[in-house]
Amino acid sequence: MADVNLTVDGKKVTVPAGTLLIEACRAAGIEVPAFCYYPGLSLCGACRMCMVRIEKMPKLQTACTTPVGEGMTVHTETPEIAQARKATVELLLGNHPLDCPVCDAGGECELQDMTFKYGAPTSQYVEIKQHREEQQWSPVVYFDRPRCIMCYRCVRVCGEGMDVWALGVQNRGAGSVIAPNRQDHLDCEECGMCIDICPVGALTSDTYRYKTRPWEMNHVATVCTHCGDGCKTTLGVRRADDGMEIVRGDNRDKSGINEDFLCIKGRYAFDFANHPDRLTKPLIRQADGSFATATWEQALELAAKKLKEVRDTKGPDAIGVIGSNRTTNEENYLLQKFARTVLGTNNIDHHRTADYVSFVRALAGKADRAASLRDAGTAPAILLLGNDPTEQHPALAWALRTNVRLNKAKLFLVNTSDIKLRRQAKAFLHIPEGGYADAVRFLGSNDANFHGIEGAADFRDALRAEPKLLILFGSEFRGHDIDALVSFGLSLPDARFACLADYANSRGAADMGLLPDLLPGYRPVAAPGPFAEEYPNLPQKPGKDLIEMFDAAERGELGALYVVGANPVERYNVDPASLKNTFVIVQEMFLTETAQIADVVLPAANLYEKGGSVTNNYGDLQLVKKAGDRAGVRSDLELIVRIADRMGAKPQQLVPFGRGLRADTGQSRGAQSGEADRHSIWLASRQIEPKVSPFDPYAVLDEIARLVPGYDVERMNLLAGNDVRTKLVSIEPAASTTRRDLVLPAQDALFTSGTLGRYSAKLAEVHESHRKSPAEAAAD
Amino acid sequence: MSPEMNSVPNTIFSPELAARFDKLVTLYPARRSALIPMLLYAQDEVGAVNDAVIAEIAQRIGITELDVRNVISYYSLLHTKPHGKFHVQVCTNISCMLRGGNEMLAHCKEKLGIGNKETTPDGIFSLEEVECIGACCWAPAVQVNYDFHDNLTTEKMDAVLENYRQKAGKS
Amino acid sequence: MPELVSHPEEVKVISRRWGQGAADIDKYIELGGYAALRKCIEQGPEWVINEMKTSGLRGRGGAGFPTGMKWSFVPKQSEKPKYVLVNGDESEPGTCKDHLIFLHDPHSVIEGTMIAGLAIGAKVGFIYLRGEYRYLIEIMERALAQCYERGILGKNIFGTGFDFDALSHTGAGAYEVGEESALMESLEGKRGVPRIKPPFPAVVGLYGGPTVINNAETIASVPFIIEMGGAAYAKLGTERNGGTRLFGISGKVNRPGVYELPMGYNLKKMIYEVAGGIPNGKALKAVVPGGASCPILRADEIDVGMDFDQMGKAGTMLGSAGVVVLDETVSIVEFALRTIKFYQHESCGWCIPCREGTDWLKKTMTRFYEGYGTTKDIDNMRYLAENMLGRTFCPLGDAAAMPMIGFFKKFRDEFEEYIRANPSAPESQALVELVGA
């Protein structure tokens, strides 16, 4: 359809046909106020704030329900309109309580904003306001009816957006209320979308209620530390006695990949950072087996001494290094560089929650076939095999639901369980347990029958007819299963792929080479390419994977184990006794099962307390910013550098800092000068300033950008807070397959999140309340 | 019109009503259209739209209980708590007001000894002041359950009430 | 059962069968019923719509939209099925005319529905009655059953290949549901909240398909119009206001009742001749001419013809033609309070101006009525009502605001007198200071 031309406040505006007048105005830079209108949700026309004067129409019209018309002449600010808006605000303030001094929304309240803009400073009414008592509807949600302006945003976002439908409207007239689905409480996903979308303080959260005022906080936009979607979350921090305390999380900054969405974890599960059990003093195991607190000096000295001792007496192969799924790319990169160049070992691994190695190998040479999370919101057709995004990747679920709802995207589901997303599915192939490989084989075949399942052939035929398909799969697919799936996908006209893992930086852990046989960027250690020059004494034989490390420990062959931000003892059910001959160093926030059997425990910062970058499941790279701060903890990056330093390694070799550009390029070939030149030249060519501190994560990011294929991204865009695509790299097909049992999905759901979840009081509370009364699924 | 009929095992309704409901959902292009009639007829039999009624109707229609409650709370004739056996609805809107509607209400309050939206202790009568019931030209008018009583005087009203009291005594 | 009244001035078109047991199909047919339907089937949809346009029939529910024009808006082709929906939600205070149609001549509603269906290409009609009209629903159900038994509803009616199904449907107590889009919401099993327009029901209506919604009296008029011919019907009324209609006269009159009179009949004559004037020798004070939503007319304003256009010119509306007569004994203050109480109770609550506006108007009027009012209150209430007008999601807001504005404008002296006659109670002195005298 053709574009439409109209005039708004004397400005000529041209927009596509079907555009709502309010959006056309916004496109022209004219802000039309609205409470009930919310882009992406159904229209209401209830608040009457967006009334505008359209010439030739007798009454004022609501801009939010009026599509643009050719030749329309619109006025958005006239005395008549100002009076209409003022009257609306007056009427809202009539029954509205004078809670501003204590209400959470004070200072960020749309009703306050409208009152300031349109007047209504005095009330004409002396009669008693409608009043109801405040109610707590769930561990997270509080409702204050007197503050509610009945804009219905919460009802719509809970229903249309979240597909939970836990909120409704009851009664009639001035007695109307927002009501929860269990009469006096909510049974829902506790995402908090309703709270953030509420323009006033009618819906507030238990985590933030009455805690502080918005202007007392600094707001830091960073990336959520929980799942692999990589949602942007904004943390409100406030000075506390022992650092900066995170007091609130929300999604006021909607510029992230997650756009409007945030789940309970991103919003409320920051409280693990404030848990009283946080380690704030290094611990050293005593002769009698107990822990004693120690100084940093003592702890770091001991750790370094022991690592050096084991390396030099038993050999590098007697040392194991286990990295983390929730540390930054810089820390991951540094850890494997430390292991390979200082410890001299390739015994490096991490808790794998998906098989990225096989995924990257399967897509070798087809970098353009890797999908971004954004594609989930725009692809015309999506095939999802396995996983349960509603529980494990809520932002993905949101993107899929929104795509189906607004763009009529077609969702094809293949799953062994009746997952909630089937409600949005165009077709759902419910397969028997363990049947994923078989299902892929069927999809690529011309068989008429698949386990006697009705409609299976139709499912396949409809799928194959899709010109553009986004294929998402969970950790049920490993090794050759991934090859088969990618092979099938590549047989279709235009397919893109994404592999779903758990935890905030699983992809980053793999991309940065926390693997025994692969360097950063999936380059085999046996054929290191440019890394041979960059990493002095790089061992070229693949090392032990995580399970092999523990097997070696059991045989008494592992002299030392360095664990950063991981809990393998609990996850992989390792017998603590098997580590009795291993010197274990653990960097962690809490005394987890692994920390409990360590010889040295170093208190570490979490992802909200450091800067750096993380990569989501899809290869979207984003910066994390330091929000909280805790006295007594240090970032993992700093600790790695300090240990290396005390082992006698040169920090400049580990982290490229402090060098300026030397005029004599390409000259002397000494080990130090060549490397510095190379890096400095690269920095200069990108107009990036050299970094001055060995603890600066951006110094490491510089090297990552220089050396890791796919990570040389637009720095300005990244610094602006945007997500930037990394490019998928090719690796030679001869790389090893991954043992199936190395991949251990987290099996997290909405209210659990590995170690972080255990220490989040709010998640624990919600988890407990849901365990007691199992959720009722919304009926079709 | 959708062809499927489904019975609900362990229905709380009488066999006749359950059969009526089984049929009702098939009469409309969308099942949900049967909701309000179903609620009203269920209320007629059970006495109120209580939790059990809500649960079964939600199941029959295929919507959530929240949805059902949202609808119930909107409509004046639907109530979740029982009324008296005979619910006396006195109109006091403009046409009835001009012909003694307020006095009729006051009279009923006094006669029955209860106030607006209350029930007599013996459970026979309940009283409600209502909006226009559509008998304006025969005002003042009162509705008892679904029966219309028009062109009333307080004496006639007393006779009407006595009649209902007798009926209550017999059953 | 309410008694039937009549008056020689009546022109009994749609009420001609009343009181003769025409609820029974045999009687109905004996008195000429279903002949119009046959004729329509023969002549076809375009002929029917033309007749309706010629007749000048305008919606009898209150809005007065030309019926023929409304039917012509329904697209010929439609992917989704089309429907006829009869609005029998009659809840406008002062209105009880459809009550008598359902009681005495339900088949005329059925026949009118079928003719409308034929005209627009619908195969299904819903006859929605308010929940309080249970006994009338039962009568309608019997009438429908009779039609099915005789093959007048169902497949291949009269062997002509015309199919039509109709069913009755009960409401559950809500005035707002009388608004056509709220009516559809209610029929679809939801809260009676209106829909955003456009799209209008003729294009997107019930279950998303094109729907014609007509008031019961409008629909009941259809077979009679076909019978006598559109032109003849039109002649009975005034220009652009064809035919006769049912006027329900209530309040302070000697002979309250529903009378069928030509469109344009003089209001004064209606009150004094047809309805027998004011009882007990009292003087007429005011008239609400078309149901509670219409601005009040003073005694000196009632010399006006009762059709849509003349009433519009007189600054009020014909509405549902529920004529409520007030005499000198009636307190306008009390009357205004009762009026706003009604709208506050019935507001669906969707939009701010109506939900909050009716609430504050009611609260202020209550305080005023109880004797704690000031002259500033009158101004405040008028300001409030004027700021509701034209700003709400549906006409209920206007229906609440316009009458109140009418009271304040035309009877301000009575409000002021009320204040003088009811000195504020001592406790309210602070109130007076707060509000301002």
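The model shown is predicted, which means the values in this text are computed figures rather than measured ones.

So, how was this worked out
- Residues numbered from 1 in each chain as written.
- Chains lettered and ligands numbered in written order.
- Predicted model: local features only at pLDDT ≥ 70, side-chain atom pairs only at ≥ 80, totals over all residues.
- Heavy atoms only, no water.
- Helix = DSSP H or I, 4+ residues; strand = E, 2+ residues; numbered from the N terminus.
- Rg over C-alpha atoms; globule rule 2.2 N^0.38 Å.
- Buried < 20%, exposed > 50% of the residue type's maximum accessible area, 1.4 Å probe, protein only.
- Contact = heavy atoms within 4.5 Å.
- Areas by Shrake-Rupley, 256 points an atom, 1.4 Å probe, with all protein chains shown as cover.
- Lys, Arg positive; Asp, Glu negative; His and termini not counted.
- Charge placed at Lys NZ, Arg CZ, Asp CG, Glu CD.
- Buried area = accessible area lost by both parts, 1.4 Å probe.
- Salt bridge = Lys/Arg side-chain N within 4 Å of Asp/Glu carboxyl O.
- Domains from an automatic or database assignment.
- Polar contact = N/O pair within 3.5 Å; in protein donor to acceptor, adjacent residues only side chain to side chain.
- Phe/Tyr/Trp six-rings, centres within 6.5 Å; stacked < 30°, edge-to-face > 60°.
- Lys NZ or Arg CZ within 6 Å of the ring centre and 35° of its normal.
- Pairing = 2+ DSSP bridges.
- Axes fitted to C-alpha atoms, helices over the stretch in contact; angles between N-to-C directions.

Draft legend 1. Geometry of the overall build of chain A. Looking only at helices and strands, one finds 27 helices and 31 strands in chain A. A compact globule built from 780 residues should have a C-alpha radius of gyration of about 28 Å, and chain A, at 28 Å, falls within 12% of that. Counting only C-alpha atoms and orienting by the principal axes, one finds that chain A spans roughly 90 × 70 × 65 Å. Counting only residues that meet the buried cut, chain A has 62% of its 780 residues in that class. Here the contacts in chain A between residues at least 6 apart in sequence split such that 69% fall between residues at least 24 apart. Here chain A displays about 28,800 Å² of accessible surface, and carbon together with sulfur accounts for 51% of that area. The average position of the 90 basic charges and that of the 101 acidic charges among the side chains of chain A differ by 2 Å.

Draft legend 2. Structural detail: the overall build of chain B. A tally of regular secondary structure across chain B gives seven helices and five strands. Projected onto the principal axes, the alpha-carbon positions of chain B cover approximately 55 × 35 × 25 Å. The 171 residues of chain B split such that 57% are buried. Contacts in chain B between residues far apart in sequence, at least 24 positions, make up 60% of those at least 6 positions apart. Roughly 7,000 Å² of accessible area belongs to chain B as shown, and the carbon and sulfur atoms make up 52% of that amount. Separation between the mean location of the 16 positive side-chain charges and that of the 21 negative ones in chain B comes to 2 Å.

Draft legend 3. Broad picture of the interface of chain C and chain B. Contacts between the two partners involve 63 residues from chain C and, on the opposite side, 44 residues from chain B. Taking both partners together, chain C and chain B bury about 4,300 Å²; carbon and sulfur atoms supply 61% of that area. Per-residue buried area on chain C facing chain B is highest for Arg134, Ala172 and Arg338 of chain C; these three make up 17% of the total on that side. Between the two partners, chain C and chain B, sit two salt bridges.

Draft legend 4. Representation of the domain arrangement of chain A within the structure. In terms of domain boundaries, chain A breaks down into domain 1 (3-77), domain 2 (92-205), domain 3 (286-354 + 506-663 + 696-731) and domain 4 (356-368 + 382-500). Summarising the inter-unit geometry, the C-alpha centres of domain 2 of chain A and domain 3 of chain A are found 47 Å apart.

Draft legend 5. Structural detail: unusual backbone geometry. Residues Lys197 of chain C and Pro198 of chain C are joined by a peptide bond in cis, for which omega reads 0 degrees. Within the fold, Pro198 of chain C resides in the loop between helix H8 (180-187) and strand E5 (211-215). Non-glycine residue Trp165 of chain A carries a positive phi angle of around 60 degrees. Its location among the elements puts Trp165 of chain A in the loop between helix H4 (153-161) and strand E8 (167-170). With phi around 55 degrees, Gln687 of chain A is a residue other than glycine that occupies positive phi space. Within the secondary structure, Gln687 of chain A is located in the loop between helix H23 (671-685) and helix H24 (697-707). Given a relative accessible area of 73%, Gln687 of chain A falls into the exposed group.

Draft legend 6. Molecular detail of the interface of chain C and chain A. On the chain A side, the residues contacting the 35 residues of chain C number 37 residues. Interface area for chain C against chain A, summed over the two sides, is near 3,000 Å², with a carbon-plus-sulfur share of 54%. Where chain C packs against chain A, one counts three salt bridges. Connecting chain C to chain A are 23 residue pairs in polar contact (both at pLDDT 80 or more). Those elements giving two or more residues to the side of chain C that touches chain A turn out to be helix H13 (332-346), helix H14 (352-372), helix H15 (375-388) and helix H18 (429-435) of chain C. With ten residues, the single largest contributor to the side of chain C that touches chain A is H14 of chain C.

Draft legend 7. Fine view of the packing of aromatic side chains. All chains considered together, the criterion is met by 37 aromatic pairs over all chains. Judged by centre distance (5.0 Å) and plane angle (70 degrees), the rings of Phe342 of chain C and Tyr343 of chain C are edge-to-face. Tyr343 of chain C matches Phe342 of chain C in its accessibility class, with the two residues each being buried. An aromatic cluster is present here, built from Tyr356, Phe359, Tyr436, Phe473 and Phe477 of chain A joined pairwise through their rings. Positioned above the aromatic ring of Trp296 of chain A, the side-chain terminus of Arg634 of chain A is 4.6 Å from the ring centre. Taking the ring centre of Tyr133 of chain C as reference, the NZ or CZ of Arg130 of chain C above it sits at 5.5 Å.

Draft legend 8. View of the sheet that holds strand E20 (residues 427-430) of chain A. Residues and elements named next belong to chain A. Strand order in the open sheet formed by five strands is E20-E19-E18-E21-E22, and the pairing between neighbours is parallel. A single partner strand is all that each edge strand has here, and the edge strands are E20 and strand E22 (495-499). Shown here is a sheet whose adjacent strand axes are inclined to one another by a mean of 15 degrees, direction ignored. With four bridges joining them, strand E19 (residues 410-415) and E20 adopt parallel strand pairing. The residue bridging Val414 from the neighbouring strand is Leu429, located in E20.

Draft legend 9. Molecular detail of the sheet that holds strand E2 (residues 124-129) of chain C. All names here are of chain C. As summarised here, the arrangement of the five strands in space is E3-E4-E2-E1-E5, forming an open sheet in which the pairing is mixed. Here the strands that pair on one side only, and so sit at the sheet edges, are strand E3 (154-157) and E5. Averaged over all adjacent pairs, the angle separating strand axes in this sheet is 25 degrees, with direction ignored. Here two bridges tie E3 to strand E4 (residues 162-170), and the two strands are oriented antiparallel to one another. Counted as the bridge partner of Gly154 is Phe164 from E4. Across the sheet, helix H6 (residues 106-120) is in contact with strand E1 (83-88), E2, E3, E4 and E5; its angle to E1 comes to roughly 145 degrees.

Draft legend 10. The arrangement of the side chain of Lys285 of chain C in detail. All names here are of chain C. Along the polypeptide, Lys285 turns up in strand E9 (residues 284-288). Under the relative-accessibility criterion, Lys285 is labelled buried at 18%. Other than its neighbours up to four places away in sequence, Lys285 contacts Arg298, Ala299, Leu326, Asp327, Glu328, Val330, Ile332, Phe411 and Glu414.

Draft legend 11. Structural context of the pattern of salt bridges. Going through the model one piece at a time under the given rule, you end up with 98 salt bridges over all chains. Residue Glu77 of chain A is joined to Lys117 of chain A by a salt bridge in which the shortest nitrogen-to-oxygen separation is 3.9 Å. Residue Glu77 of chain A is located in the loop between strand E5 (73-75) and helix H2 (79-95), and its partner Lys117 of chain A is located in helix H3 (residues 110-118); the two are separated by 40 residues in the primary sequence. By relative accessible area, which is 41% here, Glu77 of chain A ends up partly exposed. Here Lys117 of chain A falls in the exposed class, since its relative accessible area comes to 52%. Across the salt bridge formed by Glu217 of chain C and Lys97 of chain C, the nearest N and O atoms sit 2.9 Å from each other. Of this pair, Glu217 of chain C sits in helix H9 (residues 216-228) while Lys97 of chain C sits in helix H5 (residues 97-104); the two residues are 120 residues apart in sequence, bridging distant segments of the chain. Comparing Glu217 of chain C with Lys97 of chain C shows no difference in burial state: the two are buried.

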